[in-house]
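# Per-entry structural report
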Amino acid sequence: MKISPKVKLILCIFSIFSSSTSTNAFLHFFPNISSIPPSLLPNTTKSAWNTFTNLSGCHSGQNVAGISKLKSYFRYFGYISNNINTTSKNNFTDEFDDALERAVLNYQKNFNLNTTGELDEETVKQILKPRCGVADIVNGSTTMNSGKVTPPPSNGNTVAHYSFFPGRPRWPSRRRDLTYAFDPRNQLSADVKRVFANAFSRWSEWTPLTFTESGNYFTADMKIGFYAGEHGDGEEFDGVLGTLAHAFAPPRGLLHLDSDETWIVGEISGSGTGAEMDLESVAVHEIGHLLGLGHSSVENAIMFPTIASGMRKVELDRDDVEGIQELYGSNPGNNGTTGPSFGEREVSRGCRDSFMGWILLLAVGLTLFVL
Ligand SMILES: [Zn+2]
Ligand SMILES: [Zn+2]
């Protein structure tokens, strides 16, 4: 039977729409951990990356089943180039080769781990953590630790690890009042929408930008939606845990979240099953991407790529604020002295400065004594 191009087009549009709506049929939002019915508790061992635990202890020169999958992981996040050691997309070998060793080393630098080049326990633990689907290294370049010429100090007081997308895309200067809208097919509740309003306000607090919800999904600057698996942009979601969400640099304005996750929209505290994710924490991070920020190696920063299950991290760190203000400037209504994580960091920096002051004084004293 021959199908006319017109009918084909209609069928195509229908299939895209029906597959998207079927994947959106069940969204997992809960006000808190104890409100999750036992029958709906996620199976954390189903995480796409759980098999990586078997690779603990692997090092260069070994050939171990599962290494090819780890290479795909590192390629996805930018640590292995798209055209290295493989002729087709999924043709990696199970050999722990030089390319993988380089990838592990750069990964360890970016995540402040010991740079052993081996899959030690700490490295595997970090690899298993749920994370953002945006790559750490884009087109071979990054300003996370691995892209820096000098190694970061080991005292944990490093700043300015924020990064931008290649070419530093940002919303143009005439666009300071931006709109966002939700995919109407998700039919999100007011509670879920409020989480995003709060997440946007974390960024408007420090910048001249304002964010307003729009009822028109098609004309809004930023479009937010929950999807499962492949959803039309080539960045497939992977079910429970693994990648949680991703967002595109300006001016594309797309923020997608994995609808297979167990999203908590209220209080995150309490003992869970290890798969509950705080929606606002992930939303604040992804909005950072929508505005032009890449990943940061500062663990306290919102733009750090991983977040543990059950963790709430919604306050911008100094690193995030410095990054976003480099793109847009500061909020004329905020004098820049508030923010809890700022206070803590000031204290740690203050201690270090006074310690250096004492060292200097001692050195001057000794010099005078010798003279
Ligand atoms: Zn990210
Ligand atoms: Zn997507």
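Basis of the calculations
Residues numbered from 1 in each chain as written. Chains lettered and ligands numbered in written order. Predicted model: local features only at pLDDT ≥ 70, side-chain atom pairs only at ≥ 80, totals over all residues. Helix = DSSP H or I, 4+ residues; strand = E, 2+ residues; numbered from the N terminus. Buried ≥ 20, exposed ≤ 12 C-beta atoms within 10 Å, placed from the backbone. Contact = placed C-beta atoms within 7 Å. Pairing = 2+ DSSP bridges. Axes fitted to C-alpha atoms, helices over the stretch in contact; angles between N-to-C directions. Core = buried A, V, L, I, M, F, W, Y, C linked by C-beta atoms within 7 Å. pLDDT = per-residue confidence, 0-100. Parallel < 35°, antiparallel > 145°, perpendicular 65-115°, else oblique. Left-handed = near helix turned anticlockwise from the far one by under 90°. Nonpolar A, V, L, I, M, F, W, Y, C, P; charged D, E, K, R; others polar.

The protein appears in an unreviewed UniProt entry as Envelysin from Helianthus annuus.

### Regarding the overall build of the protein
When helices and strands are counted, the protein shows eight helices and eight strands. In the protein, which comprises 371 residues, the proportion classed as buried is 33%. A separation of at least 24 residues holds for 73% of the contacts in the protein among residues at least 6 apart in sequence.

### Quick notes on the sheet that holds strand β4 (residues 222-227)
Across the sheet, which stays open at both edges, the five strands sit in the order β3-β2-β4-β6-β5 with mixed pairing between neighbours. Each having just a single partner strand, β3 (210-213) and β5 (245-247) make up the two edges of the open sheet. Looking at each pair of strands side by side, their axes are set apart by 20° on average, direction ignored. Across five bridges, β4 lies against strand β6 (residues 254-258) in parallel orientation. Of the residues in β6, the one forming a bridge with Phe-226 is Leu-257. Where helix α5 (residues 190-204) meets the sheet, its contacts fall on β2 (177-182), β3 and β4, and the angle it forms with β3 comes to roughly 165°. On the sheet, helix α6 (residues 279-291) packs against β4, β5 and β6 and is oriented at approximately 25° with respect to β5.

### A look at the nonpolar core
Ranked by internal contacts, the top residues of the largest apolar core, which has 49 residues, are Val-282, Ala-283 and Ile-287. When residues of this core are traced back to their parent elements, those giving at least two are β2, α5, β4, β5, β6, β7 (262-267), α6 and α7 (318-328). With seven residues, α6 is the largest single contributor of residues to this core. Leaving out residues up to four positions away in the same chain, Ile-287 has contacts with Ala-199, Phe-200 and Trp-203. If you look at the next biggest cluster of nonpolar residues, it comprises 17 residues, including Phe-74, Ile-80, Ala-103 and Ile-127.

### Looking at the pairing of β6
Every other side chain in a regular strand lies on the same face of the sheet, so the side chains alternate between the two faces. Summarising burial for β6: four of the five residues are buried, a large majority. Of the pairings in the sheet, the one linking β5 to β6 comprises three bridges and is antiparallel in character. Bridging across to β6, Ala-247 finds its partner in Leu-255.

### With respect to the environment of Met-277
Among the secondary structure elements, Met-277 is positioned in strand β8 (residues 276-278). The spacing of Met-277 and Ile-307 is 30 residues in sequence and 8.5 Å in space, taken between C-alpha atoms. With sequence-adjacent residues up to four places away left out, Met-277 is seen in contact with Pro-130, Leu-244, Glu-261, Thr-262, Trp-263, Ile-264, Val-282 and Ser-309.

### Focus: unusual backbone geometry
Of note, the bond from Pro-250 into Pro-251 is cis; its omega dihedral lies within 30 degrees of zero at 0°. Within the secondary structure, Pro-251 sits in the loop between β5 and β6. The residue Arg-168 is not glycine, and still its phi comes out positive at about 45°. Position of Arg-168 relative to the elements: it lies in the loop between α4 (121-128) and β2. Judged by local crowding, Arg-168 falls into the partly exposed class, with 13 C-beta atoms found within 10 Å. Unusually for a residue other than glycine, Leu-241 sits at a positive phi of about 55°. Note on placement: Leu-241 falls in the loop between β4 and β5.

### A closer look at the sheet that holds β8
Sheets are built from strands that pair by backbone hydrogen bonding, the pairs being arranged parallel or antiparallel. In spatial order, the strands read β1-β7-β8; together these three strands make up an open sheet with parallel pairing. What marks the edges here is a single partner per strand, and that holds for β1 (29-32) and β8. On average, each strand axis in the sheet is inclined to that of its neighbour by 45°, with strand direction left out of account. The sheet contact formed by β7 and β8 spans three bridges and is parallel. Within β8, the position partnered with Thr-262 by the bridge is Glu-276.

### Points about the confidence of the model for the protein
Summing up the model confidence of the protein, the mean pLDDT is 82 and the portion of residues at 70 or higher is 76%. pLDDT under 50 marks residues 7-25. Its contacts with residues more than four places away, or in other chains, come to 15 contacts. Low pLDDT, under 50, characterises residues 154-159; the stretch is placed with nine contacts to residues that sit more than four places away or in other chains.

### A few points about the packing of α5 against α6
Packed helix pairs are specified by the crossing angle of their axes together with the interaxial distance, meaning the distance between the axes. One can describe the packing of α5 onto α6 by two numbers: an axis separation of 9 Å at closest approach and a directional angle of 50°. Taken as axis vectors, α5 and α6 run oblique relative to one another. At the point where α5 passes α6, the crossing takes the right-handed sense. Each of Val-195, Phe-196, Asn-198, Ala-199, Phe-200, Arg-202 and Trp-203 in α5 lies in contact with α6, whose residues at this interface are Leu-279, Glu-280, Ala-283, Val-284, Ile-287 and Leu-291. Class assignment for the residues of the contact of α5 with α6 results in ten nonpolar, one polar and two charged.

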